[in-house]
Amino acid sequence: MTVATASRAPSPESRAPSRAPFYKSLFGQVLIATIAGIAFGYAWPETAGKLRPLGDAFVNLIRMIVGPLVFCTVVVGIAGVGDVKALGKAGVLTIVYFEIVSTIALLIGLVAVNVLKPGVGMNIDATKLDPSRVTQYVTAGRALNATDFLLGMIPTSIVDALARSDILQVLVFSVVFGLALHASGAAGRPLFEFIDTLSRTLLRIVGLIMKTAPIAAFGAMAATVGMFGVDTLAPLLKLIVSFYATSALFVFTVLAAIAWWSRFSIWRLITYFREELFVAYGTSSSESAMPQVMDKLERLGVSRSIVGLVIPAGYSLNLDGSAIYQAMAAIFIAQATNTAVPLREQVVLVAVLTLTSKGVAGVAGAALIVLAGTLAAAHHIPVAGIVLVVGIHRFMGQAMAVTNTIGNAVAAIVIGGRCGQLDRDRLHAEMESHV
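In what follows, the accompanying structure is described. (Residues numbered from 1 in each chain as written. Predicted model: local features only at pLDDT ≥ 70, side-chain atom pairs only at ≥ 80, totals over all residues. Heavy atoms only, no water.)

## Quick word on the side chain of S262
Heads up, the condition is: By definition, any uninterrupted DSSP run of H or I lasting at least four residues is a helix, any uninterrupted run of E lasting at least two residues is a strand, and each is numbered from the N terminus. Between buried and exposed lies partly exposed: a residue is buried under 20% and exposed over 50% of the maximum accessible area for its type, with that area taken using a 1.4 Å probe on protein chains only.
Relative to the helices and strands, S262 resides in the loop between α12 (237-261) and α13 (266-272). With relative accessibility at 6%, the residue S262 sits in the buried group.

Here is the structure:
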């Protein structure tokens, strides 16, 4: 099958800059809603704490559509590609890229926490921490290993994988299905066209869901501020600021250098995806922006086959913000509990994280589960110390979501360019039209 679906042609609306007033754009509405949510949470904390379902409902709506959308996008991308061998090359390049960049993120997080020392001086007695508050994360974390991860990639049932929104399992099944449909030739054309139409219909559903993003951002931010409050955050403010600063450093040094090498601007990329980044920030979930990111990457000229392969895999294997968080949180706990961690032990910690950080795709509280699994495997830093970061996890999750989203968008463009599956003229024209 050689149906030409390398990338979706940009609509007239996407080629011209939007002239809608700021408050009518999704970006403006989400930004205003986020600020209003912070103010509401500060002024009426008890009422604000009850608004969390607004954010959770939005994330659940997105999760409802992500699995089927990934399936359709990957199948159409693979079945419509002319050279399957080139797709195999892209797969290998994707895995290598993810491993290198996520390891750099871990190392940057490790260096930053050692330089900034956010936990030094807290003098927490680890024996007095309540481990029952983190039992769910410790139990799940101890089960992490490479074998379980590899076996966990294979779905026992595609219906089950779609129901749980396990993106990695859906991706594996979709790749196999797409290859089979590609091999069926002309006989598979009706099914190909049906799945392609279904994909476009699902994107329309995403457009409808995104209209509720400002409500979700307001509810999520109000609930977060109302539930935790400024007084609770004050003792851990240094860790929060350190993490945000380190994430920004990673984006504007490492990712910016990769973007420069690939001949595009990280600033323009961030501007182009500003709506998705604010949605991810407001809901503390990079998954909530995933459908729109995939759609916009195709508009930028990245082929559908590359988008369908890189983005779903990236949301499981290339979570740069989460990697920075895990390295910083682990050493922060050691610093706060006065646990000495020599350089050799820190290197071992990074090595463990490169494995455990790949094993919890699609699991609720994944970053905390990875942290628990890492500390349990390292046998050096008290696992009960996770109690210290549970309360601020949602605030940290906002920066994680933004960094993860930017990292995966950069990855798709870079890999598309290296594999000859990127229309650079469209990339630059589309980015310029959204400045």
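## Notes on the pattern of salt bridges
Here is the rule: Salt bridge, as used here, is a side-chain nitrogen of Lys or Arg placed within 4 Å of a carboxyl oxygen of Asp or Glu.
Throughout the structure, instances matching the rule amount to 9 salt bridges. In this structure, R268 and E432 form a salt bridge, with 3.5 Å as the shortest nitrogen-oxygen distance. You can see R268 sitting in helix α13 and its partner E432 sitting in helix α22 (residues 424-432), a full 164 residues away along the chain. The partly exposed category is assigned to R268, whose relative accessible area is 36%.

## Details of the packing of helix α15 (residues 290-299) against helix α16 (residues 304-317)
Worth spelling out the cut-off: Only the stretch in contact is used when a helix axis is fitted, and all axes are lines through C-alpha atoms; the angle between N-to-C directions ranges over 0 to 180 degrees. Any angle that falls under 35 degrees is termed roughly parallel, while one over 145 is termed roughly antiparallel, one within 65 to 115 roughly perpendicular, and all others oblique. Left-handed is the label given to a crossing in which the near helix is rotated counterclockwise from the far helix by less than a right angle, and right-handed is the label when the rotation is clockwise. We call two residues contacting when some pair of their heavy atoms lies within 4.5 Å. Residue polarity is assigned by list, with Asp, Glu, Lys and Arg as charged and Ala, Val, Leu, Ile, Met, Phe, Trp, Tyr, Cys and Pro as nonpolar; anything else, Gly included, falls into the polar class.
Closest axis-to-axis distance for the α15/α16 pair is 10 Å, and the angle between their directions is 150°. When the axis of α15 is compared with that of α16, the two are roughly antiparallel. Between α15 and α16 the crossing geometry is right-handed. Packed against α15, whose contacting residues are M290, V293, M294, L297 and E298, the element α16 presents R304, V307, G308, I311, P312 and Y315 at the interface. Partitioned by chemical class, the residues of the contact of α15 with α16 number 8 nonpolar, 1 polar and 2 charged.

## Focus: the nonpolar core
The following threshold applies: Nine residue types can take part in a nonpolar core, namely buried Ala, Val, Leu, Ile, Met, Phe, Trp, Tyr and Cys, and a core is a set of them joined through side-chain atoms within 4.5 Å.
Counting residues in hydrophobic clusters, the biggest one holds 124 residues, and the most contacted among them are I266, L269, L297, Y325, I406 and I413. With residues near it in sequence (within four places) discarded, I406 still touches V251, L255, I266, L269, I270 and L277.

## Digging into the packing of aromatic side chains
Heads up, the condition is: Only the six-membered ring of Trp is used, alongside the rings of Phe and Tyr, when aromatic pairs are assigned; centres must lie within 6.5 Å, and planes under 30 degrees apart are stacked while those over 60 apart are edge-to-face, with the rest tilted.
In the structure shown here, the tally under the stated rule is 10 aromatic pairs. Between F243 and Y325, the ring centres sit 6.0 Å apart and the planes meet at 75°, which makes this aromatic pair edge-to-face. Of this pair, F243 sits in helix α12 while Y325 is found in helix α17 (residues 320-336), placing the two residues 82 residues apart along the sequence. In this pair, the class of F243 matches that of Y325, namely buried.

## Overview of α12
Quick note on the threshold: Take the residue count of a helix, subtract one, and multiply by 1.5 Å to get its expected span. To get the bend at any residue, fit one axis to the seven residues that end at it and another to the seven that begin at it, then take the angle between the two axes.
Compared with the 36 Å implied by 1.5 Å per residue over 25 residues, the 35 Å span of α12 between its first and last C-alpha is a close match. Where α12 bends most, at L255, the angle is about 30°. Following α12 by one or two positions, R263 has its phi on the positive side, about 65°.

## Remarks on a nonpolar patch on the surface
To keep things clear, this is the line we draw: Each patch is built from salt-bridge-free residues with over 30% relative accessible area, joining like charges within 9 Å and nonpolar side chains (Val, Leu, Ile, Met, Phe, Trp, Tyr) within 5 Å. Each accessible area value is a Shrake-Rupley result obtained with a 1.4 Å probe; residue values ignore everything except the protein chains displayed when judging cover.
Together, V92, V96, I100 and I104 give the surface a local cluster of nonpolar side chains, amounting to about 320 Å² of exposed area. Mapped onto the fold, I100 is located in helix α5 (residues 84-116). We classify I100 as partly exposed; its relative accessible area is 47%.

## What to know about unusual backbone geometry
With phi around 50°, K117 is a residue other than glycine that occupies positive phi space. Residue classification places K117 among the partly exposed residues on the basis of a relative accessible area of 40%.

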